[in-house]
Each structure stands twice: as structure tokens, then as C-alpha cells.
Amino acid sequence: MIGDEEVKKKTEQSRKRKGRSIQELIGIDTFTRYGLKTRRGEMIFFLVSPTNISVLSSVNIEIKIRHLMMVLSAIPDIEITCTDSCECFDDNKSYLKSRMEEEENLKVRKLLQKDIDMLDNIQTEMATARQFLFIGRCKSMKPEQVFQSANRMEKVISEQGFEVQRMKKNDVKRFLAVYFEASMNGDRMPDVDGEQYYEVNMNEEMV
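Quick caveat, the model's predicted, so the values are computed rather than measured.

Rules and cut-offs
Residues numbered from 1 in each chain as written. Predicted model: local features only at pLDDT ≥ 70, side-chain atom pairs only at ≥ 80, totals over all residues. Heavy atoms only, no water. Helix = DSSP H or I, 4+ residues; strand = E, 2+ residues; numbered from the N terminus. Buried < 20%, exposed > 50% of the residue type's maximum accessible area, 1.4 Å probe, protein only. Contact = heavy atoms within 4.5 Å. Areas by Shrake-Rupley, 256 points an atom, 1.4 Å probe, with all protein chains shown as cover. Phe/Tyr/Trp six-rings, centres within 6.5 Å; stacked < 30°, edge-to-face > 60°. Salt bridge = Lys/Arg side-chain N within 4 Å of Asp/Glu carboxyl O. Pairing = 2+ DSSP bridges.

**Digging into the overall build of the protein chain**
Thinking step 1. Looking only at helices and strands, the protein chain features eight helices and six strands.
Thinking step 2. Reading the protein chain from its N end, one meets helices and strands in the order α-α-β-β-β-α-β-α-α-β-α-β-α-α.
Thinking step 3. Residues classed as buried in the protein chain amount to 26% of the 207 residues present.
Thinking step 4. Considering only residue pairs separated by 6 or more positions, the protein chain has 64% of its internal contacts joining residues 24 or more positions apart.
Thinking step 5. In the structure as shown, the protein chain presents an accessible area of about 15,200 Å², 51% of it carried by carbon and sulfur atoms.

**Notes on the packing of aromatic side chains**
Thinking step 1. Evaluated as defined, the whole model comprises three aromatic pairs.
Thinking step 2. Residues Phe 45 and Phe 175 carry aromatic rings whose centres are separated by 5.8 Å and whose planes lie at 55 degrees to one another, so their mutual orientation is tilted. Taken together, the residues span a long stretch of sequence, with Phe 45 in strand S3 (residues 41–48) and Phe 175 in helix H7 (residues 169–179) at a distance of 130 residues.
Thinking step 3. Here Phe 45 falls in the buried class, since its relative accessible area comes to 2%.
Thinking step 4. A relative accessible area of 7% places Phe 175 in the buried class.
Thinking step 5. Ring plane angle 55 degrees and centroid distance 6.2 Å describe the contact between Phe 134 and Phe 162, whose orientation is recorded as tilted. On the criterion of sequence distance, the pair formed by Phe 134 in strand S5 (residues 130–138) and Phe 162 in the loop between helix H6 (143–159) and strand S6 (164–166) is long-range, its members being 28 residues apart.
Thinking step 6. A relative accessible area of 4% places Phe 134 in the buried class.
Thinking step 7. Residue class for Phe 162 comes out buried when judged on its relative accessible area of 13%.

**Some points on the pattern of salt bridges**
Thinking step 1. A complete count under the given rule lists five salt bridges for this structure.
Thinking step 2. Lys 155 is the salt-bridge partner of Glu 159, the closest N and O atoms lying 4.0 Å from each other. Highlighted residues: Glu 159 and Lys 155, both in helix H6, separated by four residues, approximately one helical turn. Note on accessibility: Glu 159 and Lys 155 belong to one class, exposed.

**Some remarks on unusual backbone geometry**
Of all residues except glycine, most have a negative phi; of all peptide bonds, most are trans.
Thinking step 1. Residues other than glycine seldom take positive phi values, yet Ser 140 does so here, at roughly 55 degrees.
Thinking step 2. Within the secondary structure layout, Ser 140 lies in the loop between S5 and H6.

**Focus on the pairing of S3**
Thinking step 1. With seven of eight residues buried, S3 is to be regarded as a mostly interior element.
Thinking step 2. Two strands pair when backbone bridges link them, and strand S2 (residues 36–38) and S3 are joined in this way by three bridges, in the antiparallel orientation. Within S3, the residue paired with Thr 38 across the bridge is Gly 41.
Thinking step 3. Between the end of S2 and the start of S3, which pair antiparallel, lie two residues.
Thinking step 4. Relative to S5, S3 is paired through seven bridges, and the arrangement is antiparallel. Counterpart to Glu 42 in the pairing with S5 is Cys 138.

The analysis is restricted to geometry; functional conclusions fall outside its scope.
In C-alpha cells form, the structure reads like this:
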């Protein structure tokens, strides 16, 4: 039989799990001056402009690969991610297509097809390219050390012929919003949920 202490322990663990926020579940603590603080260290984001290798010769492609290898050798723990440059509508289109298959009314089916065409047009205009991010992690570093590390990473990437820029806070917020399929306006989201209402409440209390 399970003892009372073990029951209490499991109940407490269950409460803690239920009380955790989305922010805690994905391991993000807060924004910092140079990036994003997580449980595994501070993350610094660099946006790298993609190269259209379809117009390059095999020799130039090999050179690009060699340059990337040089970056990875100089910064072995750097992470690379490729994401959509805007919100993806695949789930929406999949739903509309399933509705078309079920729908018997011809006029409704035509309307559903128009919705699909509209989403295709939006995606063609806004998501014709991917975005490539180089991400560096700084563990147990002071702010000045993070700053130096960020400068060094950016210099290494740039010296190998990549067009790179360090992402600012709004850029990171926009990337996270697209990555988690939340919104195209991530840069307008508050840093803390409900933060936009807090100042109003404070003013009301002061009156």
C-alpha cells in the first residue's frame, strides 16, 4: 500500500506541474541585453542571409561549405536553425481541403477553394524564403563576457564571407512567435503576459 507521505509527495508534484507556466515549460527565463536567458545559459542570435547555391558553380559551393566548416571549427558549440520567415498556413490549408472533401454543396466548395487560393497567395508573397539563424550559448558568463563573446562570434561568421547581423530583442521575439506558431506580430507582444495592463492598474491605485 502507498503511504501517506508518498501520496502527499505525488500530490505536491502534480500541483507544481499544473502550476508551471508555458515560459517555464519551454525553458525560457527572460530577455537580456544581448539575447535570451534560458536554463542552459544565455542565447545570442545571429541572422545569416541565405545564399542561392542554385546559381553557384560546384567550385563556389565547395568554398561556401569550407567557410561554414571554418565557422564550426572556430565556434564548435554554435547551433544552426532554419525556420520559416513568416507564419505557416499548412494546417489551415489541410483543414480546408478536408472540409472540401466532406462538403456536398458546390457553392460552399468553391468558397473553400477560394480560401485555399488566398492562403497560397499570402504564403507565396511572405514566405518565399527561409531564415537561417546561428545561435551561440554563453554559460555562467557575466554581461561583459557575453558582450565579448557575441562580438567574437559575429566577427568569425562575418570573416568567413557570411552576411550576418546580431538579432535585437524585437527580432528574437518575432522569431519565437513564428517558431511557436503564435503570431506574425511577435515583436509587439509584451515581455510578460499582461504587462500592458499593469501600468494602468498602478495608475488607478495612485489616484
